[in-house]
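# Structural features, examined
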Amino acid sequence: MAAEPLIHLAGLGKAFGADRVLDGVDLDVRAGEAVALLGANGAGKTTLLRVVATLLRPTRGVARVAGFDCVREAEWVRARIGLLAHGAWVYEDLTALENLKFWTTLSGSSGTAEGLRAALAAVDLERLAGERVRTFSLGMRRRLSLARLVLTAPRVLLLDEPYAGLDPRAGKWLDGHLTAVKAAGGAILMTTHSFGRGLGVADRVAILARGRVAHDTAVAALGADDIRQLYELHTEEMS
Amino acid sequence: MSYVRRAWIVLWKDFMTERRSKETLNALLFFALLLLFLFQFALGDDRERLAAALPGLLWLGFILSGLVGLGRAFLAERDHDCWEGLVLAPGDKSAIYLGKVAGNLLLMLVVETVILVLFTVFFNVDVAGHLAALVAVVLLGTVGFAAVGTLFAAMTANVRAREVLFPVLLLPILVPVLLGAVKATEAVILGEPLSTVARWLQLLGAADVVYLTVGILTFDAVLEG
């Protein structure tokens, strides 16, 4: 019998008033797999991630992470996920190192000074460890958020536009890190607007349109141009 | 141990943030100074009026500056979506609440100390002889204020009209603390032993316990919104 997917969504719906943003999403992400979620602005990609991350309650359907229900067993889900959201989760008057120390301690991890510095070094922020985040650019803040995920090493990664604001070097590092997460048996669900970076790491691409997964296919079977055409087909249908 | 570490890291974060930015502290100290000037201007040199009004004025100063400070308690969490991070942090969320209460308590006590010193200078009041009793009363009152204030600050942090809602919701709940604190402070300033206001002190203590307990039990739901 096949193992249960690390992320399992079945008939998932989320409505804000009369607006049904998600309307029957079915999607599985297995261990060692990365799925890139494509969709036009407002297609519900971020909403979907927030439901899986237990930040929003679904209106209907099932969302499970590592076998735990995202509504009834949210605490168990939270212990297994790492979320990279639009906001960087940084306190501007703390240094980079202090921000990492805060979030790792709060998540119950015992981040040693060496571990914190190693995580900063991984995202090329070690020389700025003692600098206040107030002076950081958007990309640097993004890298600091990624360092947090490196430290807490969750089994399931939920990434909202992870490559946004990253320079090529940081993007390349992220490719390597996500590949390592997959190799270690983790699962990755990430949203992206890019047909370049991100899709290289993804095993499957799912296109979200009209609140559903309109297309779910293996990346290996398609080239970047094929994916772009599929994306345009489904997003044009939407408009 | 993890619970204590998590509460401590929240207190440490608030302390470091405030120590570096001094945004709230500077605003509170300036506000307190302004209040004292106004009180002095309104009351003049009439010693009798002063003695009767002093405990109330002192706590009015504490409460007004506390409202300004507590209203900013979750500003940093709203910026850059740190609130989400707190929600997703595994474990008992009451540790976060207690850390925030401790941070707010510390800030309020610093401001109250400054207000108290300025009061003695502005109004020529001698509290040196009853300092220990006064500290005990102020501490009891401030713990209750910080406990319920932190909870309500979290409740209103993400609503649009929070500047209006926060004091409107909080002040009625604070009535037991205000009554107990003003009565006990009055007795201290008049040089009466604290035993004469034992019931008011019991009320203050009970309010502290109730507010802290309610905060610990409900903060998780408040944080989840």
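Here is a short report on the structure shown in this document. By convention here, each chain's residues receive numbers from 1 onward along its written sequence. Lettering of chains starts at A and numbering of ligands starts at 1, both following the order in which they are written. At least 70 in pLDDT is required for a residue's local features to be given in this predicted model, at least 80 for side-chain atom pairs to be given and counted, and no such filter applies to totals for whole chains, interfaces and linings, which use all residues.

## So, the overall build of chain B
Per the secondary structure count, chain B includes 10 helices and 0 strands. Taken from the N to the C terminus, the helices and strands of chain B come in the order α-α-α-α-α-α-α-α-α-α. Put simply, the radius of gyration uses C-alpha atoms, and a globule should come to 2.2 Å times the residue count raised to 0.38. The C-alpha atoms of chain B give a radius of gyration of 18 Å, which matches the 17 Å a tight globule of 225 residues would have. Considering chain B as a whole, with its 225 residues, one finds that 44% of them fall into the buried category. Each helix is a run of DSSP H or I of at least 4 residues and each strand a run of E of at least 2, with the numbering of both proceeding from the N terminus. Once C-beta atoms are placed from the backbone, each residue is buried if 20 or more other C-beta atoms lie within 10 Å of its own, exposed if 12 or fewer, and partly exposed for counts between those two.

## Some thoughts on the overall build of chain A
Regarding its fold elements, chain A presents 7 helices and 10 strands. Taken over the C-alpha trace, chain A has a radius of gyration of 18 Å; the compact-globule value for 239 residues is 18 Å, and the two agree within 12%. In terms of its C-alpha atoms, chain A occupies a principal-axis envelope of roughly 50 × 40 × 40 Å. Put simply, chain A has 239 residues, and 48% of those count as buried. Two residues qualify as being in contact provided that their C-beta atoms, derived from the backbone, are within 7 Å of each other. Expressed as a percentage of contacts within chain A between residues at least 6 apart in sequence, the contacts between residues at least 24 apart total 68%.

## Structural notes on the interface of chain A and chain B
As a measure of interface size, the accessible area lost when the parts come together is often cited. Taken together, the contacts link 22 residues of chain A with 20 residues of chain B. Among the secondary structure elements, those contributing two or more residues to the side of chain A that touches chain B are helix 2 (74-78) and helix 3 (96-106) of chain A. Element by element, the count of residues in the side of chain A that touches chain B is highest for helix 3 of chain A, at 5 residues. In this classification, the charged set is Asp, Glu, Lys and Arg, the nonpolar set is Ala, Val, Leu, Ile, Met, Phe, Trp, Tyr, Cys and Pro, and all remaining amino acids, among them Gly, are polar. Of the residues in the side of chain A that touches chain B, the class split is 13 nonpolar, 5 polar and 4 charged.

## Here we look at the sheet that holds strand 4 (residues 60-65) of chain A
Residue and element names in this part refer to chain A. Read from one edge of the open sheet, 4 strands run 2-1-4-5, paired in antiparallel fashion. The two strands at the open ends of the sheet, each matched to only one other strand, are strand 2 (19-29) and strand 5 (68-69). When DSSP finds at least two bridges between two strands, those strands are taken to pair. Bridge analysis of strand 1 (residues 7-16) against strand 4 gives 5 bridges, and the strand direction is antiparallel. Residue pairing in the sheet places L9 in a bridge with A63 of strand 4.

## Comments concerning the environment of A85 of chain A
In this fold, A85 of chain A is placed in the loop between strand 6 (81-84) and helix 3. Spatially, the C-alpha atom of A85 of chain A lies 21 Å from that of G200 of chain A, the residues being 115 residues apart in sequence.

## What to know about the pairing of strand 7 (residues 156-160) of chain A
All names here are of chain A. Taken across its 5 residues, strand 7 has 5 buried, putting it largely inside the fold. Residues V156, L158 and D160 point to one face of strand 7 and L157 and L159 to the other, with burial holding for every one of them. Where strand 6 and strand 7 come together, 4 bridges link them in parallel fashion. Across the sheet, the residue bridging to G82 is L157, located in strand 7. Of the pairings in the sheet, the one linking strand 7 to strand 8 (residues 187-191) comprises 5 bridges and is parallel in character. Across the sheet, V156 pairs through a bridge with A187, a residue of strand 8. Handedness is read with the strands pointing away from the viewer; a crossover is right-handed when the path from the first strand over the helix to the second is clockwise. Read from strand 7 through helix 6 (residues 168-183) to strand 8, the crossover connection turns out right-handed.

## A few points about the sheet that holds strand 7 of chain A
Residue and element names in this part refer to chain A. An order of 6-7-8-3-9-10 is seen for the 6 strands of this open sheet, with the pairing classed as mixed. Looking at strand neighbours, the two that pair on one side only are strand 6 and strand 10 (212-218), the edges of this open sheet. The mean inter-strand angle of the sheet, taken between neighbouring strand axes irrespective of direction, is 15°. Looking at chain direction, strand 3 (residues 33-39) and strand 9 (residues 204-209) are connected through 5 bridges and run parallel. Looking across to strand 9, one finds that L38 is bridged to I207. For helices, the axis comes from a line fit to the C-alpha atoms of the stretch in contact; other axes are also lines fit to C-alpha atoms, and the angle between any two N-to-C directions lies between 0 and 180 degrees.

## Observations regarding helix 6 (residues 94-122) of chain B
Expected span of a helix: the number of residues minus one, times 1.5 Å. For helix 6 of chain B, which comprises 29 residues, the first-to-last C-alpha distance of 41 Å matches the rise-based estimate of 42 Å (1.5 Å per residue) to within 8%. Phi for N124 of chain B, located one or two positions after helix 6 of chain B, is positive at around 55°.

## Some points on unusual backbone geometry
Residue and element names in this part refer to chain A. Of note, T54 is a non-glycine position whose phi angle comes to about 70°, a positive value. Position of T54 relative to the elements: it lies in the loop between helix 1 (45-52) and strand 4. Note on T54: 24 C-beta atoms within 10 Å, which makes it buried. Positive phi, normally seen in glycine, also occurs at A153, with a value near 40°. By the secondary structure assignment, A153 is in the loop between helix 5 (138-152) and strand 7.

## Details of the nonpolar core
Counting residues in each nonpolar core, the largest one holds 144 residues, and the members touching the most others are V52, A147, L158, L189 and L208 of chain A. Among the elements that line this core, the one with the most residues is helix 7 (residues 131-156) of chain B, at 14 residues. Joined through C-beta atoms within 7 Å, a set of buried Ala, Val, Leu, Ile, Met, Phe, Trp, Tyr and Cys residues constitutes a nonpolar core.

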